[in-house]
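Structural characterization, general
One letter stands for each residue in the lines below.
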Amino acid sequence: MSDCLFCKIVAGEIPSNKVYEDELCYAFYDIAPMAPTHFLVIPKEHFASAAEVTEENAPVIGHIYKVIAKLARELNLDGFRVVTNCGEIAGQTVHHIHFHVLSGKELGSFN
Ligand code: AMP
Ligand code: ZN
């Protein structure tokens with residue numbers, strides 16, 4: 001999608017601090033970290049959010065969780081949180097689905 005920030009990051013048109021890349025997904029450090037370790041994992045294929053998961057694009061979500069588990073092992077993360085904001089009311093600012101991975105400090109409870 002031509003006017004999407006994260007598509008431009010995948011295409012290398014906007015610089016990013018890469019953590020990991022394969023044929024399906026791309027991981028990079030968040031520009032405004034909310035925890036000592038904070039990176040984002042995104043599918044290379046553009047779709048907006050968790051509200052747009054379909055039979056066709058669902059496999060990449062499982063793949064991304066597998067990649068998160070591998071990166072957590074490699075980075076020796078001692079516990080982590082995975083967050084995907086869906087819709088502006090939930091705080092989504094970039095409308096290309098992304099999974100925040102947060103670690104390195106006590107993360108507050110949501111409830
Ligand atoms: P969300 O608010 O869930 O849509 O998350 C979007 C995230 O993207 C925020 O945590 C931003 O700090 C992050 N972000 C925005 N622009 C960039 C960028 N150029 N490189 C890395 N992270 C970014
Ligand atoms: Zn995109």
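Scroll up to find the structure this text is about.
Described in the following lines is the structure provided in the data block. (Residues numbered from 1 in each chain as written. Chains lettered and ligands numbered in written order. Predicted model: local features only at pLDDT ≥ 70, side-chain atom pairs only at ≥ 80, totals over all residues. Heavy atoms only, no water.)

**Overview of the coordination of the zinc ion (ligand 2)**
- Within the protein, C4 (SG), C7 (SG), H46 (ND1) and H96 (ND1) serve as the donor atoms for the zinc ion (ligand 2), at 2.0 to 2.3 Å.
- The coordination sphere of the zinc ion (ligand 2) comprises 4 donor atoms, whose angles at the metal cover 105 to 117°; the geometry is tetrahedral.
- Read N to C, the donor residues that coordinate the zinc ion (ligand 2) are spaced as C-x2-C-x38-H-x49-H. Pair noted here: C7 is in helix α1 (residues 5-10) and H46 is in the loop between β3 (37-43) and α2 (58-74), with a separation of 39 residues, a long-range link.
- Residue classification places C7 among the buried residues on the basis of a relative accessible area of 12%.
- Classification of H46 as partly exposed rests on a relative accessible area of 24%. (Donors = N, O, S within 2.8 Å, 3.2 Å for Na, K, Ca; no water. Tetrahedral: all angles 85-135°; square planar, octahedral: opposite > 155°, others 65-115°. Helix = DSSP H or I, 4+ residues; strand = E, 2+ residues; numbered from the N terminus. Buried < 20%, exposed > 50% of the residue type's maximum accessible area, 1.4 Å probe, protein only.)

**Digging into the sheet that holds strand β5 (residues 99-103)**
- Taking strand neighbours across the sheet as the criterion, the 5 strands line up as β1-β2-β3-β5-β4 in an open arrangement whose pairing is antiparallel. Each end of this open sheet is capped by a strand with a single partner; those strands are β1 (18-21) and β4 (81-83). Averaged over neighbouring strand pairs, the angle between their axes works out to 20° when direction is ignored.
- Two strands pair when backbone bridges link them, and strand β2 (residues 25-29) and β3 are joined in this way by 5 bridges, in the antiparallel orientation. By the bridge assignment, Y26 is partnered in β3 with I42.
- The sheet strands contacting α2 are β1, β2, β3, β4 and β5, and the helix crosses β3 at an angle near 150°. (Pairing = 2+ DSSP bridges. Axes fitted to C-alpha atoms, helices over the stretch in contact; angles between N-to-C directions. Contact = heavy atoms within 4.5 Å.)

**Thoughts on the packing of aromatic side chains**
- With the rule as written, the count across this model stands at 4 aromatic pairs.
- With 5.3 Å between their ring centres and 80° between their planes, F6 and F28 make a pair best called edge-to-face. Taken together, the positions of F6 in helix α1 and F28 in strand β2 put the pair 22 residues apart, joining distant regions of the chain. Both residues of the pair, F6 and F28, belong to the buried class.
- With a centroid separation of 5.8 Å and an interplanar angle of 40°, the aromatic rings of Y26 and F28 are classed as tilted.
- The rings of F6, Y26 and F28 are connected pair by pair, giving a single aromatic cluster. (Phe/Tyr/Trp six-rings, centres within 6.5 Å; stacked < 30°, edge-to-face > 60°.)

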